[in-house]
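What follows is each chain in one-letter form.
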Amino acid sequence: MSETSELLRVDTLELGIAHLPEARIVRKASFEIQPGEFVGLVGESGSGKTMLGRSIIGLQPSAIVPRGGSITFRGKDLSAMSAKDLRHLRGAEIGMVFQEPMTSLNPSMTIGQQLEEPLQVHTKLSATERRGEILEIMERVGIPSPEDRLKDYPHEFSGGMRQRIMLASAMLLKPALLIADEPTTALDALVQREVLELMVELSRENGTALLLISHDLPMVARYCERIMVMCQGEIVEAGPAQTILACPQNAYTRKLLAAMPKRGPVRSFEGAETPIVEVRDLSVDYVSRSGLLARTSRKRALNRVSLSVRRGEVVALVGASGSGKTTLGRAIAHLIPTSEGEILFRGQPVSKRNSEWMDYRLNCQMIFQDPFSSLDPRFTIRRILSEALYHEKAQEVSVREDRIRQAILEVGLEEMHLDRLPHEMSGGQRQRVAIARSIISEPDFVIADEAVSALDVTVQAQVLELLADLQKKHGFSCLFISHDLGVVEQLADRVVVMRDGEIVEQGLRDTVFDVPKSDYTRALLSAIPTLRRTQTGVELSWRFDAPNVAEVTR
Amino acid sequence: MSIGKTNKYLGGLLVAFFLLAAFFGWVYTPFDPLAINLRAKLEAPGSGHLLGTDEYGRDVISRLLTAARTSVSISLLTVSFAVIFGTLLGSVSGYARGWVDRLVMLFTDTLLAFPSILLALALLSILGANMYGVVLALGLAYMPTVTRVVRGAVMSLREQQFIEASRLMGHPVHYTLWAHVVPNCLAPVIVIATSMFGSVLLTESALSFLGLGVPPPAPTWGNMLAGARPYMAQAPWLGIFPGLCIALTLLGINLFGDYVRDRFDPRMRGL
Amino acid sequence: MIKFVLSRLLSAVPTLFLVSVAVFTLIRLIPGDPVALMLGDNVDPQVYAAMSHQLGLDRPIPVQFVLWLKSLLSGDLGRSITSDQEVLPLVLHRFAISAQLVLVAVTIATVFAVPLGMLAAWRQNSAFDLGVVVGGTILMSIPTFWMGLMMLLFFGLQLGWLPVLGYVSLGENFWDGAVYLLMPVATLVLHETGILVRMARASTLDVLRLDYVTHARAKGLSEGQVLRRHVARNAFGPTWTLLGLILGNLLGGVAVVETVFTIPGLGRLIVESIFGRDYPVLQGCLLFVAITYVVVNLIVDLCYPIFDPRVKSA
């Protein structure tokens, strides 16, 4: 490789915080990107990957300042460049795609206006020529009947569509480099792969180099030739994707790879006694009422759903967002009212007027997705745990204290954590506390609603393992709600697939994963890559071909 | 100096100064604020009377100190009234929802359809111009704002998962409300109460200025200003000092209010 | 769009009805007997009864309310007790004077404050920003009645540049009228600028943090273009809502400024009617201001989709 051929060179870049001369967000980052090359930048939250990506075109927040090193693009030093010259690069030579399609388009401007801007700023095309270009790129990124949609506002598009529009606006001028920061993380699992493949295709067509920033190592490895792994502000390992997957040198990289979910062992529950929880023909309607005179409107969120969970069994509830899986979980927990059907606990119907109500209430616990909002910010961990024993007042204080101590140790925390407040703990620690709270009263049934989705990859693996261990030890039944099939594959005994408030398919985990009956399940499964060890190294592959999402979700 | 520090220190200093003045006016004034002395009328500041005398020869600084006490007590009572009843209505309405909520909001929205100073004026004509009339009128005029804020806070709290977790643990409603909902509503209530203090003080002064507040001869900054109008040419100090007191107190409350808001609830900036 | 407008218009109907109920109740809660007040003390009981009957006061309260609402809808707000003028024309005449003052002042304040607040937010934590925030807070902390008095003292009495007392309507003689309006308008402008500049700054800060602003920069737009195209319109939304509230509040609050500058506006009329126990006028004023307030906020709501098209579909 000759010295001048590279497109981008980042040399010992240091990023710090204004007013804090010692602090470093990024330390001695050095890498280069060749024209047309696809490079992945992988790291967990707080690793500095986003700031590194943004600082390339000077779009980091004003509190973050360069503290040394250089960035050269096509041989020109970007840090020495005037603000005006830098602007000429942005959008024209270097494009950028952001994570949140919901907030990265201006809500008060039409799509047409927003797509037109790069052309107005960087070219001398006439209005008709600009329109032609816009329609062409909209067509290319797969927006149906683009002419009719030019005058639409961002809120009139779905998340996936918005991300396509973002992509269109970044690729409009065929930049030499595209920086994509978690471009599909906020999207529904079903459309993630589609959008990503579109991005890769477009980049390849135009000879655009790609810097793909993500927390998802397998996903990045699937598309990029080279990978850089970032941890706490430093690039700890860099090299060809194959090499890094096959023989990772750095301990952190190995940890990331080990965190990939693997299929758990098969357990059999055939011939077990009556199910612990059974749901028969359950329906939920959301009633919305606006204003004093407005009519009430009903929307069916769950339509005559039946399922059962046996003692000690882990049943996973999967589906894309809006499939009704969370609604079902919350209805079973009696957090929302149901409109028809019944819920049976140990064969007895449950209702609030029933004498067994309290028994069910205390035996059915829930772990929520967001450990920030599931713990009262004003309570110490000790108080949070002791609250869960509210109905066991008769117990002596010392017995109570023992149970609290035991519970905190059981979830891998220490006694000293009992006197902390939630905000003094990390996300993973908070989720451990939430788990401790839900099992301290030794319930028979636990609903875990996206319980590990908000966590970083490595933390997610640990919490998942903890959950599996506790389940084995205490033998509670579990309804595990998740959009992430990788996680489900590791934990579940049986899988229930939902779509639009109805059950599409259910069966033993291996059956559903290996020979799915419905196209919808196949589509969900096609979004997750698998890692296979072969004689020559490691191979990443998809389980199924990418489906036509529009067809499946119709 | 940064904006945050200006807010905290300058605002705190001004507020503390006027609270101290109010307390001072309660225990000691150099002269009797109501004593008429026609031989010493309209004396310029300096000569025996630090800030001069008014058209009846009453000592201005004594009257200012007494007025500070009146203004501070009216504002405190009004804000307490609005906060206590507003919080009560708002939390019940937000947690209960359904028809209770609709009824409370009907009442609140109707009150909110009147500009607050107009509502205070109308209520004053019913309640009569005296200190408790003013407190009640202003309290009722400002209560709907608190009700709305608290209701909003409670409704968003209801969606918080720790409230649902509390339900899952089988806690009775009164426990959930008391242990989780009320303490977590305190931040927005503190923020709104601080900024409301300023509005109440301003409206109270305006009412006094119009002759509809605490009736003379009891001094308030507002009625002192109104009394000064005919003498502006001969005795400008009569118009300068009471206004300066209102402006500086308000400045203090506004600056300190910004600090409190940034400290407790950064999301409410600018409201 | 039509659905949005209709639903907003419809939602104002119950509010207006409740407002009229509230005004009806308020006026009847005022201590004192209106008939005795109209006729004076020591009247013949027969005259008293006749008057009561004529005013419909001997009927049950709900009937009274319906009758009152009926005459209200036909534009009849009764006659003033003190001047015997018809209430509606009186209120409208005084309103025209106040509206002139308030609209001119708020327009000027907005034109100054909004760009200033946006620039301050754009240069957050600079000396300019600190100046704008502190200046705005000081301006909003000075009560209008004191600022007015100080202006009178300085420009009227000390310098003798501007007239201290009196009022000439703009329609009568534009230039003389403008001279009389100068100080009251300046007073209101300064105070409202203080409030608006802080609001404009705060909402601009909120918008500047959003991803689409970074996206706009990533497209290669200059800072000026980013501010004009992407920040200005979105940041103006909250200020626009505040403008509605300010306009409504000023309809009552302008009374103090009108008192200082002896302007015969609506605010003065309200205060005079309270002092003169002129209940038909007070009732008319309350009703008029409340309805105007509701209508102004309705217009503000209806225009909001210009700044944020999302509310239309909400």
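Residues numbered from 1 in each chain as written. Chains lettered and ligands numbered in written order. Predicted model: local features only at pLDDT ≥ 70, side-chain atom pairs only at ≥ 80, totals over all residues.

**Considering the sheet that holds strand β19 (residues 477-482) of chain A**
Residue and element names in this part refer to chain A.
Thinking step 1. Spatially, β17-β18-β19-β14-β20-β21 is the arrangement adopted by the 6 strands of the open sheet, whose pairing is mixed. Each end of this open sheet is capped by a strand with a single partner; those strands are β17 (364-367) and β21 (502-508). Pairwise comparison of adjacent strand axes, ignoring direction, gives a mean angle of 20° for this sheet.
Thinking step 2. In the sheet, β17 pairs with strand β18 (residues 445-449) via 4 bridges, with the strands oriented parallel. For M366, the partnering residue across the bridge sits in β18 and is I447.
Thinking step 3. In this fold helix α15 (residues 427-439) packs onto β17 and β18, with an angle of close to 180° to the strand it touches most, β17. (Pairing = 2+ DSSP bridges. Helix = DSSP H or I, 4+ residues; strand = E, 2+ residues; numbered from the N terminus. Axes fitted to C-alpha atoms, helices over the stretch in contact; angles between N-to-C directions. Contact = placed C-beta atoms within 7 Å.)

**Let's talk about the packing of helix α7 (residues 144-158) of chain C against helix α10 (residues 223-260) of chain C**
All names here are of chain C.
Thinking step 1. Where α7 meets α10, the axes come as close as 9 Å, and the angle between the chain directions of the two elements is 20°. Here α7 is positioned roughly parallel relative to α10, judged by the angle of their axes. You can see that α7 and α10 cross each other, and the crossing is right-handed. Counted together, T144, F145, G148, L149 and L152 of α7 and V256, V257 and V260 of α10 form the full contact between these two elements. (Parallel < 35°, antiparallel > 145°, perpendicular 65-115°, else oblique. Left-handed = near helix turned anticlockwise from the far one by under 90°.)

**A closer look at the pairing of strand β20 (residues 494-499) of chain A**
Residue and element names in this part refer to chain A.
Thinking step 1. Burial within β20 is extensive, with 6 of its 6 residues counted as buried.
Thinking step 2. Pairing geometry for strand β14 (residues 314-318) and β20, over 4 bridges, is parallel. Within the sheet, the bridge partner assigned to V315 lies in β20 and is R494.
Thinking step 3. Counting the residues between successive antiparallel strands, the hairpin from β20 to β21 contains 2 residues, one of them, D500, with a positive phi of roughly 50°. (Buried ≥ 20, exposed ≤ 12 C-beta atoms within 10 Å, placed from the backbone.)

**A word on the UniProt feature "domain: ABC transmembrane type-1" (unreviewed entry) in chain C**
Thinking step 1. In the numbering adopted here, UniProt assigns the feature "domain: ABC transmembrane type-1" (unreviewed entry) to residues 95-304 of chain C.
Thinking step 2. Helix makes up 83% of residues 95-304 of chain C and strand 0%, whereas the separation of the span's terminal C-alpha atoms amounts to 26 Å. (UniProt positions renumbered as here; feature names shortened; annotations may be inferred.)

**Some words on the UniProt feature "transmembrane region" (unreviewed entry) in chain B**
All names here are of chain B.
Thinking step 1. In the numbering used here, UniProt assigns the feature "transmembrane region" (unreviewed entry) to residues 9-28, 72-96, 103-126, 132-154, 175-202 and 237-260.
Thinking step 2. In this annotation, residues 9-28 is assigned 95% helix and 0% strand; the end-to-end C-alpha distance for the span is 27 Å.
Thinking step 3. Span residues 103-126 is 88% helix and 0% strand, its end C-alpha atoms 24 Å apart.

**Digging into the interface of chain C and chain B**
Thinking step 1. The partner chain B presents 36 residues to the 46 residues of chain C that form the contact.
Thinking step 2. Those elements that place two or more of their residues in the side of chain C that touches chain B are α1 (2-29), α6 (127-141), α7, α8 (174-208), α10, α11 (266-275) and α12 (279-303) of chain C.
Thinking step 3. For the side of chain C that touches chain B, the element with the most residues is α10 of chain C, which contributes 9 residues.

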